Amino acid sequence: MLFETPEVLEKNTKHQEGSQKGTCPICGMGCFVEAKVENGIPIRIKADHSSPHPADCPRAGQAKTYHNHPDRLNHPLKRVGKRGEGKWQQISWEQALDEIAAQLGQIRDNHGPEAVQTLGGSFKGPGDAACWRWGNLFGTPNMMHQGKNCGSAEFLAEWSVYGTIGVLGYNPVAGVTKTAIFWGGNPPVPGGIAAEKAIKAARKAGTKIIVIDPRRSEAAELADIWLRIRPGADGALAYGFLNVIINEGIYDKEFVEKWCLGFDELKEAVKDYTPPRVAELTWIPAEQIVEVARYYANNKPGNISFGLGTVELGNATNATVFGKAYLRAITGNLDLIGGQLLDDMPEFIQYRQELKWDTLLNHPLRTRDNVGANRWPVAGVRGMKTFREAMSKLNPLGPGPAFYMMCTAPSAVWSAIIDQDPYPIKAVITQGTNSMVALANSRRVYQALTSPNLELHVVMDHWMTPQAQLADYVLPATDGLERANLGGMWGFGNVTSAAMPTVKPQFERRDDYQLWRELGNRLGQQGQWPDTLEGWFDKLLEPSKITFAELASRDMPWLFPEPPQEKRYEKTGFATFSGKVELSSSLMQKLGYPGILPCEEPGWSPVRTPELFKEFPLVMTAGASSPFYYRSQHKQLDKMRRQHPKAFASIHPETAASLGIQDGDAVWVETPMGRVRQWAKLNDTLHPGVVHADGLWWYPEQEAYEPNLSGVWESNINSIIPDDKDFASFAGDNHLRAHICRIVRA
């Protein structure tokens, strides 16, 4: 059976008249909506506030426009001209799948399964998990997802130090949390109104809210203390906090003595990061550094958030993410309610078993690690095996979001295509991502995607993005209204939810699951894939003894765990080789890294490259989240564009005046790699030496295909930042923030 039969579709959609609950189509996060449907068409869509996860961001108001947009991809297309020429032939799904599978099989026979690379991006419900499952069954360790740059370094650091990660998106608990530090994150933008309310409620109940950010973000507006840090100096700040806490003896001595190894090595590593030196490096007054360190150490429970901004700092990420882990540990905040509560394993759904990571680790056709593992061994087959060995006593299946242990370093992907180093990548399957905008050194991404070495490039998406314009096949994907959804499909925590499709798929849009199932069945994976997405959900839910349909039909279609317990490590130990918190990580040492990573500056910085800084005398951060767009998406939505019509470079008024620039002027943002055009926006809350450049911009209203590619080169800040391996973090993440630049009037 190719796709759902008419009978299945009819069964799943027969109730779809009147008011229906489902998920928002906008960004794929699975936020809940309530849709009024007439004749199979959504007439009105609004946030479902009866759900714990309502779609209440500004973008969600455009759900109907998104679903019906005339520029959506609706039919399978095959390239008939040159790549990027814009000549397509509409073909059937059957033809597309037969041809793609035949080429993948030939590439596997000629070059091994590792010659196939998958790329993922915006969260697409079950599509990502289905992709990784397919890759594991096929035998390729080359799977890259934009999530690589959204979290892998911080998760890998936590797993290395204490064997699990903190609960993702854990908000301060009103009346319980005494200190909440938001570091590199801005919850009111991605988390919407609910996150803002949680912060306000906690502060009202007595939580001290501290925000560390170069920008006066929405979260900073809610804070008691805002530390305006120089972009890229976060590692120095983390080590400075540790210096104060250790030297003043205000760490949790009992916890450190009983549960931590490597304290003396940590003390030695941070001894030079005194408050005066850290003040010089971070541009934060020494008094504020000492004040925050003391407050956090002396007021438990305290939480230091996960932060996207702190994993995109290249070399500077290392001390930042490990420093955050050390701070949580030596203050005794690990696994405290209201503090750094540690994550549960997914138990309601047999997610870890169904992802088939063990199959990949022992695959009979796989002979090589992923293409980045020789440079960054913490993320690859060897890395995953080492983590699994360390966790074996406590957690033999590994953690839920194990994908982060395998995710390929993006710069290594392009080298494998262009230079065939360390071995060739011959096929790329792109699912819902636009690497041309989202990853560093876009020119190199372009070179790879147009290389004659690349024999096959398939894109499945909602839109004809610049990346899709360079593909060989383009396939139309369903959105959140058109597909069933099961929460928890990245493996975080032990919470899941279910939502039926609200309407039937329009045109020939298909669910991502069916792409992987159909390719798998054509490539020897018969019997591994249930016929329908709902059937796979039933299999995932077997431990809960409930079907997907039964869960989705509940008034509250969620499964929640028992109330969390504290200090579970007292009964089990930690999931590390020693069973303790390893401040000097034996796992990292087994993989060839130092036990404690040194604090480094970014590849370009006032401190590391002072001569270059004379030519480019501003520090640039980039890519802060916008409430009107989810990463590079939604530029097609007119109402969002009226709010944020083009890429802005935010600059202090005094700096702008010194350069002869006024608010709204077109400016060139220049780095040692080139320049792009943005528009000046004056912002007196920025440090005069700091610029924020909008990231992730392209202009879908502009001419598509070569050479313009929908304006991908005009304002795309990632086209002028490097992806050299020496600029990347220990995990191989791209260095997307904390560069140097100069601004000139265009």
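As the structure is a prediction and not an experimental result, all values here were calculated from the model.

## Some remarks on the overall build of the chain
No. 1: Scanning the chain from terminus to terminus reveals 27 helices and 25 strands.
No. 2: Viewed in the frame of its principal axes, the chain has a C-alpha envelope of about 70 × 65 × 55 Å.
No. 3: Every one of the 746 residues in the chain was classed for burial, and the buried ones make up 65%.
No. 4: Sequence separation of at least 24 residues holds for 76% of the intrachain contacts in the chain that already meet a minimum separation of 6.
No. 5: With an accessible surface of roughly 25800 Å², the chain has 49% of that area assigned to carbon and sulfur atoms.
No. 6: Put simply, the chain has 78 plus and 84 minus side-chain charges, and the middle of one group is 1 Å from the middle of the other.

## Re helix 6 (residues 192-204)
No. 1: Between its first and last C-alpha atoms helix 6 spans 19 Å; for 13 residues at 1.5 Å apiece the expected length is 18 Å, and the two agree.
No. 2: Buried positions along helix 6 lie against strand 8 (179-183) and strand 9 (208-212).
No. 3: Phi for Gly206, located one or two positions after helix 6, is positive at around 115 degrees.

## Observations regarding unusual backbone geometry
Glycine aside, a negative phi is what most residues show, and trans is what most peptide bonds show.
No. 1: Of note, the bond from Lys300 into Pro301 is cis; its omega dihedral lies within 30 degrees of zero at -5 degrees.
No. 2: The residue Pro301 is located in the loop between helix 12 (286-298) and strand 12 (302-304) in this model.
No. 3: The step from Glu706 to Pro707 runs through a cis peptide bond, and the omega angle for that step is 0 degrees.
No. 4: In this structure, Pro707 sits in the loop between strand 24 (690-693) and strand 25 (739-745).
No. 5: Here Lys356, not a glycine, exhibits a phi torsion of approximately 70 degrees, which is positive.
No. 6: By the element assignment, Lys356 lies in the loop between helix 14 (351-355) and helix 15 (357-361).
No. 7: Backbone geometry places Asn441, a non-glycine residue, at a positive phi of 55 degrees.

## Examining the packing of aromatic side chains
The geometry of an aromatic ring pair is captured by two quantities: the separation of the ring centres and the angle between the planes.
No. 1: Taken as a whole and judged by the stated rule, the model has 33 aromatic pairs.
No. 2: With a centroid separation of 5.6 Å and 85 degrees between ring planes, the pair formed by Phe255 and Tyr569 is classed as edge-to-face. Taken as a pair, Phe255 in helix 9 (residues 253-259) and Tyr569 in helix 23 (residues 569-572) lie far apart in primary sequence, 314 residues in all.
No. 3: Accessibility expressed as a relative area gives 5% for Phe255, which makes it buried.
No. 4: Here Tyr569 falls in the buried class, since its relative accessible area comes to 4%.
No. 5: Each ring, one from Tyr513 and one from Trp536, has its centre 5.4 Å from the other, and the planes form 20 degrees; the classification is stacked. Here Trp536 lies in helix 21 (residues 533-540) and Tyr513 lies in helix 20 (residues 512-522), a separation of 23 residues in the sequence.

## Regarding the pattern of salt bridges
No. 1: Per the stated rule, a full pass over the model turns up 42 salt bridges.
No. 2: The partner of Asp733 in a salt bridge is Lys148, with the nearest N and O atoms 3.8 Å apart. Separated by 585 residues along the polypeptide, Asp733 in the loop between strand 24 and strand 25 and Lys148 in helix 5 (residues 148-162) bring together distant segments of the chain. For the pair Asp733 and Lys148, a shared accessibility class is recorded, and that class is buried.
No. 3: With its nearest N and O atoms 2.7 Å apart, the salt bridge here joins Asp358 to Arg388. Of this pair, Asp358 sits in helix 15 while Arg388 sits in helix 16 (residues 381-391); the two residues are 30 residues apart in sequence, bridging distant segments of the chain.
No. 4: Given a relative accessible area of 40%, Asp358 falls into the partly exposed group.
No. 5: When its relative accessible area of 14% is taken as the criterion, Arg388 is described as buried.
No. 6: One continuous salt-bridge network, built from bridges that share partners, spans Glu94, Asp98, Arg517, Glu518, Arg522 and Asp531.

## Considering the side chain of Thr282
No. 1: Looking at the secondary structure, you find Thr282 in helix 11 (residues 275-282).
No. 2: Take Thr282: its relative accessible area is 0%, and that puts it in the buried class.
No. 3: Polar contacts involving the side chain of Thr282 include one to the main-chain amide nitrogen of Ile284, which spans 3.2 Å.
No. 4: Setting aside residues up to four positions removed in sequence, Thr282 forms contacts with Arg228, Ile229, Arg230, Ala233, Ala236, Leu237 and Ile289.

## Considerations on the environment of Gly307
No. 1: Looking at the element boundaries, Gly307 is found in the loop between strand 12 and helix 13 (317-330).
No. 2: Gly307 sits 125 residues away from Phe182 along the chain, and the two C-alpha atoms are 7.4 Å apart.
No. 3: Sequence-distant contacts of Gly307, defined by excluding residues within four places in its chain, comprise Glu154, Trp183, Gly184, Gly185 and Lys324.

## Side note on the sheet that holds strand 17 (residues 496-499)
No. 1: Overall, antiparallel pairing links the three strands, which are arranged 16-17-18 in an open sheet. Both outer strands of the open sheet, strand 16 (485-486) and strand 18 (558-559), are each paired with one neighbouring strand and no more.

## Describing the confidence of the model for the chain
No. 1: Confidence in the prediction of the chain, expressed as mean pLDDT, is 94, and 97% of residues score 70 or more.
No. 2: Low pLDDT, under 50, characterises residues 1-15; the predicted model gives this stretch 29 contacts beyond four residues in sequence or across chains.

## Quick look at the pairing of strand 20 (residues 618-622)
No. 1: Within strand 20, five of the five residues are buried, which leaves the element mostly enclosed by the surrounding structure.
No. 2: Residues Leu618, Met620 and Ala622 line one face of strand 20 and the alternating positions Val619 and Thr621 line the opposite face, and both faces are buried.
No. 3: Sheet topology note: the strand 20/strand 25 ladder contains three bridges and is antiparallel. In the strand pairing of strand 25, Met620 is matched with His739.
No. 4: The sheet contact formed by strand 20 and strand 24 spans four bridges and is parallel. If you follow Met620 over to strand 24, its bridge partner there is Val691.

## Here's the deal with a nonpolar patch on the surface
No. 1: On the surface, Val495, Met556 and Phe560 cluster together into a nonpolar patch covering about 250 Å² of accessible area.
No. 2: As for its placement among the helices and strands, Met556 is situated in the loop between helix 22 (548-552) and strand 18.
No. 3: You can call Met556 partly exposed: its relative accessible area is 36%.

Conventions we followed
- Residues numbered from 1 in each chain as written.
- Predicted model: local features only at pLDDT ≥ 70, side-chain atom pairs only at ≥ 80, totals over all residues.
- Heavy atoms only, no water.
- Helix = DSSP H or I, 4+ residues; strand = E, 2+ residues; numbered from the N terminus.
- Buried < 20%, exposed > 50% of the residue type's maximum accessible area, 1.4 Å probe, protein only.
- Contact = heavy atoms within 4.5 Å.
- Areas by Shrake-Rupley, 256 points an atom, 1.4 Å probe, with all protein chains shown as cover.
- Lys, Arg positive; Asp, Glu negative; His and termini not counted.
- Charge placed at Lys NZ, Arg CZ, Asp CG, Glu CD.
- Expected span 1.5 Å × (residues − 1).
- Phe/Tyr/Trp six-rings, centres within 6.5 Å; stacked < 30°, edge-to-face > 60°.
- Salt bridge = Lys/Arg side-chain N within 4 Å of Asp/Glu carboxyl O.
- Polar contact = N/O pair within 3.5 Å; in protein donor to acceptor, adjacent residues only side chain to side chain.
- Pairing = 2+ DSSP bridges.
- pLDDT = per-residue confidence, 0-100.
- Patch = residues over 30% accessible without salt bridge, like charges linked within 9 Å, V, L, I, M, F, W, Y side chains within 5 Å.

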